[in-house]
Amino acid sequence: MLAVRLEKGLVQVREQPRPRRPEGFALIRLLLGGICNTDLELQRGYYNFRGTPGHEFVGEVVAADSPDLIGERVVGEINLACGACDWCTEGLGRHCPRRTVLGIVKHPGAFRELLTLPERNLHRVPRGIPTEHAVFVEPLAAACEILDQVRIPAGARVAVLGDGKLGLLVGQVLKAHGAEVHQYGRHKDKLRIAAQAGIDARVARKLPQAEYGWVVDATGSSDGLQQAVQMTKPRGTVVMKSTVHGTVPLDSAPVIVNEITLVGSRCGRFEPALRLLRTKQVNVASLISEMLPLKDAPRAFQRAATPGVLKVLLQA
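Conventions and cut-offs
Residues numbered from 1 in each chain as written. Predicted model: local features only at pLDDT ≥ 70, side-chain atom pairs only at ≥ 80, totals over all residues. Heavy atoms only, no water. Pairing = 2+ DSSP bridges. Helix = DSSP H or I, 4+ residues; strand = E, 2+ residues; numbered from the N terminus. Right-handed = clockwise from strand over helix to strand, strands pointing away. Salt bridge = Lys/Arg side-chain N within 4 Å of Asp/Glu carboxyl O. Axes fitted to C-alpha atoms, helices over the stretch in contact; angles between N-to-C directions. Contact = heavy atoms within 4.5 Å. Buried < 20%, exposed > 50% of the residue type's maximum accessible area, 1.4 Å probe, protein only. Phe/Tyr/Trp six-rings, centres within 6.5 Å; stacked < 30°, edge-to-face > 60°.

A.B. asks: Is there a simple way to explain the pairing of strand β17 (residues 288-293) in this structure?
C.D. replies: Regular strands place their side chains on alternate faces of the sheet. By the bridge criterion, five bridges tie β17 to strand β18 (residues 311-315) in an arrangement that is parallel. Paired with methionine 291 across the bridge in β18 is leucine 313. Between the parallel pair β17 and β18, the chain is carried across by helix α10 (residues 297-304), and the sense of this crossover is right-handed.

A.B. asks: In this structure, what is going on with the pattern of salt bridges? I would like to understand it.
C.D. replies: Working definition: two side chains of opposite charge can pair if their charged atoms are close together. If you walk through the whole model with that rule in mind, you get 18 salt bridges. One salt bridge connects arginine 21 with aspartate 65, and the closest N-O pair in it is separated by 2.8 Å. Note that arginine 21 is positioned in the loop between β2 (10-15) and β3 (25-35) and aspartate 65 in the loop between β4 (56-63) and β5 (73-76), a separation of 44 residues in sequence. One continuous salt-bridge network, built from bridges that share partners, spans Glu290, Lys295, Asp296, Arg299 and Arg303.

A.B. asks: Would you take a moment to explain the sheet that holds strand β16 (residues 261-264) for this structure?
C.D. replies: On the basis of which strands lie adjacent, the open sheet formed by six strands has the order β13-β12-β11-β14-β15-β16 and parallel pairing. With one partner strand each, in any of the chains shown, β13 (200-203) and β16 form the two edges of the open sheet. Taking each pair of neighbouring strands and ignoring which way they run, the sheet shows an average axis angle of 20°. Here strand β15 (residues 232-240) runs beside β16; their pairing, made up of four bridges, is parallel. Looking at the pairing, valine 238 lines up with leucine 262 of β16. Here helix α6 (residues 188-196) sits on the sheet and contacts β12 (180-185) and β13; the angle it forms with β13, its principal contact strand, is near 165°.

A.B. asks: Looking at this structure, I do not really get helix α9 (residues 270-278). What am I missing?
C.D. replies: For the α-helix, the turn length of 3.6 residues means that residues three or four positions removed from each other point alike. Residues Phe270, Pro272, Ala273, Leu274, Leu276 and Leu277 constitute the buried set of α9. Elements that come into contact with the buried residues of α9 comprise β5, β10 (122-124), α3 (131-134), α4 (137-149) and α5 (165-177). Positive backbone phi, at 55°, marks lysine 280, one or two positions downstream of α9.

A.B. asks: Hey, could you run me through the packing of aromatic side chains in this one?
C.D. replies: The description of two aromatic rings rests on the distance between their centres and on the angle between their planes. In total, this model carries three aromatic pairs according to the counting rule given. Taken together, a centroid distance of 6.2 Å and an interplanar angle of 85° make the contact between phenylalanine 111 and phenylalanine 301 edge-to-face. On the criterion of sequence distance, the pair formed by phenylalanine 111 in the loop between β8 (106-107) and β9 (114-118) and phenylalanine 301 in helix α10 is long-range, its members being 190 residues apart. Here phenylalanine 111 and phenylalanine 301 have matching classes, each one buried. Relative to tyrosine 212, the ring of tyrosine 184 has its centre 6.2 Å away and its plane inclined at 75°; by these criteria the two rings are edge-to-face. Pair noted here: tyrosine 184 is in strand β12 and tyrosine 212 is in strand β14 (residues 212-217), with a separation of 28 residues, a long-range link.

A.B. asks: I tried to follow the sheet that holds β8 on my own but got confused; where do I start?
C.D. replies: In a beta sheet, neighbouring strands are held together by backbone hydrogen bonds and run either parallel or antiparallel to one another. Read across the open sheet, the three strands follow the order β6-β7-β8; overall the sheet is mixed. The open sheet has two free edges, formed respectively by β6 (79-80) and β8, since each of these has just one partner strand. Across two bridges, β6 lies against strand β7 (residues 100-102) in antiparallel orientation. Bridge pairing in β7 places leucine 80 opposite threonine 100.

Purely spatial values, then, with no claim about function.
Quick look at the structure:
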């Protein structure tokens, strides 16, 4: 079978053996995979990664212990927790110290013709959700995680800093929640997607100072956190959504003096994301820039890293 491999910054497509299916796991045929910023960071050296990336996917189950899963379209949670440690028993399996992570930490990713995941990680995709929309479930769940972590009242003014793939999803999720969202970015074409969702989209020529009680940094850049802190009111909250390879500079003085809360935010529950897609409360179709076959993964990664390009999908 074909599989993508990252090593020393190079993207290659290789023939690999069909993966073995352990007990409790499903064997899944890839339908679509989405290249995200984390995949690009892995290519740049994040986690010293070598192997098959990919954690945003839709697939069809071809073998499983549970017969009712076979033939179903599924998406999968990316953290493979041990299920037995103190953190897992407390419901913190996403932070299990012994976990592996699909396409990121010690578990080959989804950018291959066949992949494996525990059956407990899988969620069926409702028939009304097109496959090209369902591939957004994982990043959309990450956007929804903000509302599980931070209490944002309906009608509250919230700033989203960044107009990339995740930032645009975050803005739409917060808008669907009832917040008054102001989205700041640098690309008029991308901000137009936010504006079409009813979001106040603004080109970030000069960012406001100490104006918002809640600010989400989804810039994907090393200076985004510093900018988000400057935009936050005293005793406000900054939600950190950027995954950046390397050290991020931060002047801690305004955080301490203004008593600003910093919230790290990562993966989220899939159920709210599937519900938003099923009820068509978010528009993900506008985020698709290109779809390429798996064999063209090197070109797909190059396209995904091109300024102005949003989601590039890989089709098996």
